[in-house]
Amino acid sequence: MRSKKRIIACVCILTMLLGTFLIAAEPPRPAEAAGPQNLAAGKPATVSGYADVYVASNVTDGNQGTYWESTNNAFPQWVQVDLGKESSINQVVLKLPSGWESRSQTLSVQGSTDGTNFSEMKAPAAYLFDPNASNAVTIDIPAANARFVRINVTANTGWPAAQFSEVEIYGTSASETWAIPGKIEAENYSAMNGIQTEPTTDAGGGLNVGWIHVGDWLDYDVDVQTAGTYAVEYRVASNVSTGELQLQSGSTTLASTKVPNTGGWQNWQTVTAYVTLSAGPQTLRIYASGYDFNINWIRFASDDGDHEPPAAPTNLTFTEPAADTIQLTWNASTDNVGVTGYDIFANGQLRGSVSGSTLAYTDNQPANATVAYYVIAKDAAGNSSAPSNAVTRFGSGDNHTGRGANMPFTILEAESSSNKTNGTRLAPNFTPGDFAGEASGRSAVYLDANGEYVEFTLTSPANAFVLRNAVAENTSGTISVYVDGVDKGNFNVSSKYSYVYATPTTLGRLGYDNSGSKAYWLYEDAQLMLDQVYPKGTKIKIQKDAGDVPWIYVDMIETENVAPPASNPDPSKYVQVSNTKSIEQALNEFRQDPTKKGIFIPAGEWTIPSKIHLYGRATEIIGAGPWHTKLMAPQNQTNTDVGFNIGSEANGSTIKNLSAWGNYVYRQDGPGKFIDGNGMKNVTIENVWAEHFVCLYWGVNSSHNTFKNNRIKNMFADGINMTNGSSYNVIDNNYARGTGDDSFALFSAIDAGGSYNVGNKYTNLTATNVRRAAAFAVYGGQGNLFQNLYGADTLTYPGVTISSLSFGYNTLGFGDQDTVIDGVTLDRTGGDFWTSVGADDKINDYQNFGAIWFHGGDRSFKNILVKNVDINQPVYFGLMFQSKSPENLPMENVRLENININQPTRYGIKLVAKAEDGQGPVVGTASFTNVKVNNPGIKAIYGEDKSPNFHVIRASGNNW
């Protein structure tokens, strides 16, 4: 009987006060050297073949629960490990998962010094794997030298394939002594703790050392030719800024060196430190005092005596002399010897370099890109200056003051006075379940008679359009489109994914059951691509004609100039999907050919009836563009769980340039995410357009991933939410509209493992018409950045939620490093949710929420910096401070700087004295600098006299 242990993760979505979290095990740490040293730990493994997801890397990952299984019914089969250098081998330990039933495997052990010519180190024999002995087999070998060790299997009594969870190889590595001065490849260590190796793309190829965490180390036996001071260069790469290493000799730390964010795990830079070494043989240790970086090599050179860095460049400025062109200039740095060059950084990554006599740099960036620059100076000895002042070029777009995502489409509001219409413009209101209250800008145009229309004027060339509209429940039909008076066909409009029911007194179930007394979430999108690109100034008329739907509310239109579908970027590297080759068949072909990079899905509608699993190795999924390559859930079904599930072996994968169309009509916590991937790392999701899922991605212990240039619309829960130690993710330039929970969120829970969420960057984001919860939300964590955001028209909740509520789970609250929210515009945000029995300042039956909600929950609430914010016409208040009772934990080190609150309906600032019976008042301290309340409906601040344990620090520049 076959026995397999699968790791199954059950994913559920966080609700605002109810919900179930995904429970998953933290991925295993790499094996650590301890003596005798397992020479195979973390080393590359190759195999003759594998079945399903049971890949080669499982045999050296230090986890007995994961395993390799060969191609079935095809003996002989083999697995081999590359030890990196020739070593003396005396023992091999083979393991199966400890709970598997007994079986025997017939195998031999072979060795090779070159990976081609193998000799027998242990003759074939049958070995019993017994669960009473932990399913481990120890094979002693007469000492022999080998770099490559192969286990060749010819039979298995338990299953018709070779199976091992771990291949451990013991002996002594042929330790080399490296001369100093000289260069040492990082993988040529004499001993190590906690690291793994991987192929490198740096010049020269070979391996680099990676998966480095605090406490990991590498030892090198060296022979220093001459005592003295040496410049030690480290060739490093990282996608974060937390790396730091120390060079140690015994108990002495010779130098500490920061590892910069180089912009990627294979984007290599050289950093330099200076150390004094005694002459003769010795062991030097590279010790990781920071985490998450790679090393390719170390080089020691005689010191030239120059340790003084140049002064920082000054007066960095930019101009835009032409379209898509940014011209940077700066004042020269000074140095004791001489400046040899300048490095230019864009959004924290090296963009280019110039000589020391050049004080300008021209960068090519699209007009819609927001880019922050700084410059550093270098000298001949490798010393680098501190950064110059930073400058930011905000991209063009529709999102108020340049904030938010810069997408390839332009939004035109139907109710704008610049549009011609003979329909009815709705009077604005803030009521959920109302056709005005749920519209963008809180207004729309109603067409209910033949010949009624609204006419838009293109502000830029376009051939593709998205119409946000509402039609009657249980309706599908058309609405006519005219271009400069010529009939160009119809939008197909439908209420299939709108009209979600709930009971007003129990809104906590909003989105879930689709049952109750009132309909909410009334609007839906329709898409249309026309026959040509129409120039700026063209008139686009949406008109109700005979045969169209009986009535329609027109909210907005997106206009876009869409390029023709892209073709396969390299047919030799990407297996192409076709009418005769399904996505799964293309993936199988890719997995069987190590020269392939992934698959290409051309233009067309491709039905995906279930989740697509990525495994084996990093995989690229590339489409022809989101308007052209459409992945479709079965349209005759509802609530089908489709999308991609990314296994740990597929870390480093990319999915881009396609759209995905789910079929969810109400919320279910667990399934329904377009991307699944617990512990996912180094994955890129780019230029993906997703609709009608529960959410795009729910991250658990997921780090170093990038989500950029995506469109997230009409979801039933969150857009992107990172939890359980998810750190150093980049969520950049994404647009969300109509999410059913927080559009972009961080929740520092540890119920499924991990620690604080740290180092995440949520930048250049737009979230509008949020149907439930906030546009942006951060629940605990530390060292996270939310920057350049635009939020508008939240139906129930704040534009920004900052909360330390645990929701009844194991969470960490906020840590010692600042959580920074910098550069936000919020239009018409806030709303009503939850009951408010016994509340002070009660105006209806709900709790009333401000544009930004500071919520001290049952975990620590501290070290929050909110700055450079514009709040326009909030539904109730600009800033809202509230504490949870009975904990009443004080807010600490909360700073608000440079905030404009314009035309709040009630108050600029509300200190909640009593949210409902038993809750309040607010506790703690907050400082206010240059916080302006302009034209409040009632007064600037409420509740200060009712909150004796909350200290308002009026620093300077306030007008209240």
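Residues numbered from 1 in each chain as written. Predicted model: local features only at pLDDT ≥ 70, side-chain atom pairs only at ≥ 80, totals over all residues. Heavy atoms only, no water.

S.K.: Residue-level account of the overall build of the protein, with values.
M.R.: The number of helices and strands found in the protein is one helix and 71 strands. For 960 residues, the compact-globule estimate of 2.2 N^0.38 gives 30 Å, and the C-alpha radius of gyration of the protein, at 30 Å, lies within 12% of that figure. By its C-alpha atoms, the protein is 90 × 70 × 60 Å across when sized along the principal axes. Out of the 960 residues belonging to the protein, those deemed buried represent 59%. Considering only intrachain contacts with a sequence separation of at least 6, the fraction spanning at least 24 residues in the protein is 75%. Taking the average place of the 66 positive charges on the side chains of the protein and the average place of its 91 negative ones, the gap between the two points comes to 3 Å. (Helix = DSSP H or I, 4+ residues; strand = E, 2+ residues; numbered from the N terminus. Rg over C-alpha atoms; globule rule 2.2 N^0.38 Å. Buried < 20%, exposed > 50% of the residue type's maximum accessible area, 1.4 Å probe, protein only. Contact = heavy atoms within 4.5 Å. Lys, Arg positive; Asp, Glu negative; His and termini not counted. Charge placed at Lys NZ, Arg CZ, Asp CG, Glu CD.)

S.K.: Which residues make up the pairing of strand β8 (residues 166-173), and what values do they have?
M.R.: In terms of residue burial, β8 counts as a mostly covered element, since seven of its eight residues are buried. Where strand β3 (residues 77-95) meets β8, eight bridges bridge the pair, whose relative direction is antiparallel. Within β8, the residue paired with valine 92 across the bridge is isoleucine 169. (Pairing = 2+ DSSP bridges.)

S.K.: An account of the sheet that holds strand β24 (residues 349-355) is requested, with residue identities and associated values reported.
M.R.: The strand order across the open sheet formed by four strands is β24-β23-β26-β27, and the pairing between neighbours is antiparallel. Taken across any chain shown, the strands that pair with only one partner, and hence form the sheet edges, are β24 and β27 (391-393). Neighbouring strand axes in the sheet, compared pairwise and without regard to direction, differ in orientation by 30° on average. When strand β23 (residues 339-346) meets strand β26 (residues 371-379), the two strands line up antiparallel, connected through seven bridges. Bridge assignment links glycine 341 to a residue of β26, and that residue is lysine 378. (Axes fitted to C-alpha atoms, helices over the stretch in contact; angles between N-to-C directions.)

S.K.: Describe unusual backbone geometry, with residues and values.
M.R.: Note that the residue after isoleucine 180, namely proline 181, is joined by a cis bond; omega there is 10°. Looking at where proline 181 falls in the secondary structure, it is placed in the loop between β9 (178-180) and β10 (182-185). Note that the residue after serine 885, namely proline 886, is joined by a cis bond; omega there is 10°. With a phi close to 55°, aspartate 793 is a non-glycine residue in the positive phi region. In this structure, aspartate 793 sits in the loop between β59 (785-792) and β60 (800-803).

S.K.: Quick one: what's the story with the nonpolar core, residue by residue and with numbers?
M.R.: Grouped together as the largest cluster of nonpolar side chains are 83 residues, with contacts concentrated most on Ile802, Phe854, Leu879 and Phe881. In this structure, phenylalanine 881 is in contact with Phe854, Met891, Leu896, Ile909, Lys910, Leu911, Val912, Val922, Ala926, Phe928 and Phe950, ignoring residues within four places of it in sequence. (Core = buried A, V, L, I, M, F, W, Y, C linked by side-chain atoms within 4.5 Å.)

S.K.: Let's hear about the sheet that holds strand β25 (residues 360-364): which residues, and what values?
M.R.: What the three strands build is an open sheet, ordered β21-β22-β25; its pairing is antiparallel. Unpaired on one side and paired on the other, β21 (314-322) and β25 mark the two borders of the sheet. Averaged over all pairs of adjacent strands, the angle between strand axes in this sheet comes to 25°, irrespective of strand direction. Here β21 pairs with strand β22 (residues 325-331) via five bridges, running antiparallel. Paired with threonine 319 across the strands is glutamine 327, a residue of β22.

S.K.: An account of the pairing of β60 is needed here, citing residue identities and associated values.
M.R.: Here β60 shows two buried faces, one formed by Val800 and Ile802 and the other by Thr801 and Ser803. Sheet topology note: the strand β58 (residues 776-779)/β60 ladder contains four bridges and is parallel. Its bridge partner lying in β60, valine 778 is registered against isoleucine 802.

S.K.: Could you give an account of the UniProt feature "domain: CBM6" (unreviewed entry) in the protein, with specific residues and numbers?
M.R.: Cross-referencing UniProt, the feature "domain: CBM6" (unreviewed entry) maps to residues 182-301 in the present numbering. With 0% helix and 67% strand, the stretch residues 182-301 has end C-alpha atoms that lie 7 Å from each other. (UniProt positions renumbered as here; feature names shortened; annotations may be inferred.)

S.K.: Tell me what's going on with the side chain of serine 804, and back it up with residues and numbers.
M.R.: Considering the arrangement of structural elements, one finds serine 804 in the loop between β60 and β61 (819-827). We classify serine 804 as buried; its relative accessible area is 1%. A polar contact is formed between the side chain of serine 804 and the backbone nitrogen of glycine 857, at a distance of 2.7 Å. What serine 804 contacts, discounting residues up to four positions off in sequence, is Phe814, His855, Gly856, Gly857, Asp858, Arg859, Ser860 and Phe861. (Polar contact = N/O pair within 3.5 Å; in protein donor to acceptor, adjacent residues only side chain to side chain.)

S.K.: Give me empty space enclosed by the protein: which residues, what numbers.
M.R.: This model, assessed by the stated rule, comprises five cavities of 30 Å³ or more. If you add up the space inside the largest cavity, you get close to 120 Å³. Contributing elements (two or more residues each) for the lining of the largest cavity: β63 (846-849) and β66 (877-883). For the lining of the largest cavity, the element with the most residues is β63, which contributes three residues. (1 Å grid on protein atoms, 1.4 Å probe; cavity = no way out; pocket = protein on both sides within 12 Å on 5 of 7 lines; lining within 4 Å. Points joined across faces, edges and corners; volume = space filled by probe spheres on them.)

S.K.: Hey, could you go over the environment of valine 224 for me, with residue numbers and the actual values?
M.R.: Looking at the secondary structure, you find valine 224 in strand β14 (residues 217-224). Judged by relative accessible area, which is 2%, valine 224 ranks as buried. Among residues more than four places away in sequence, those in contact with valine 224 are Ile180, Tyr230, Leu277, Ser278, Ala279, Gly280 and Gln282.

S.K.: Break down the layout of surface pockets for me, citing the residues and quoting the values.
M.R.: One number sums up the size of the second largest pocket: a volume of about 480 Å³. In terms of lining residues, the second largest pocket is bounded by 16 residues, among which Asn492, Asp525, Gln527, Gln635 and Trp661 are the most central. Sorting the residues of the lining of the second largest pocket by element identifies β35 (486-494), β38 (524-534) and β46 (629-632) as the ones contributing at least two each. Looking at which element gives the most residues to the lining of the second largest pocket, the answer is β38, with four residues. A class-by-class count of the residues in the lining of the second largest pocket yields five nonpolar, six polar and five charged. (Nonpolar A, V, L, I, M, F, W, Y, C, P; charged D, E, K, R; others polar.)

S.K.: Talk me through the side chain of threonine 619; I want residue IDs and the actual numbers.
M.R.: The topology assignment puts threonine 619 in the loop between β44 (611-614) and β45 (620-623). Here threonine 619 falls in the buried class, since its relative accessible area comes to 1%. The residues contacting threonine 619, other than those within four sequence positions of it, are Leu587, Phe590, Lys597, Gly598, Leu614, Ser653 and Thr654.

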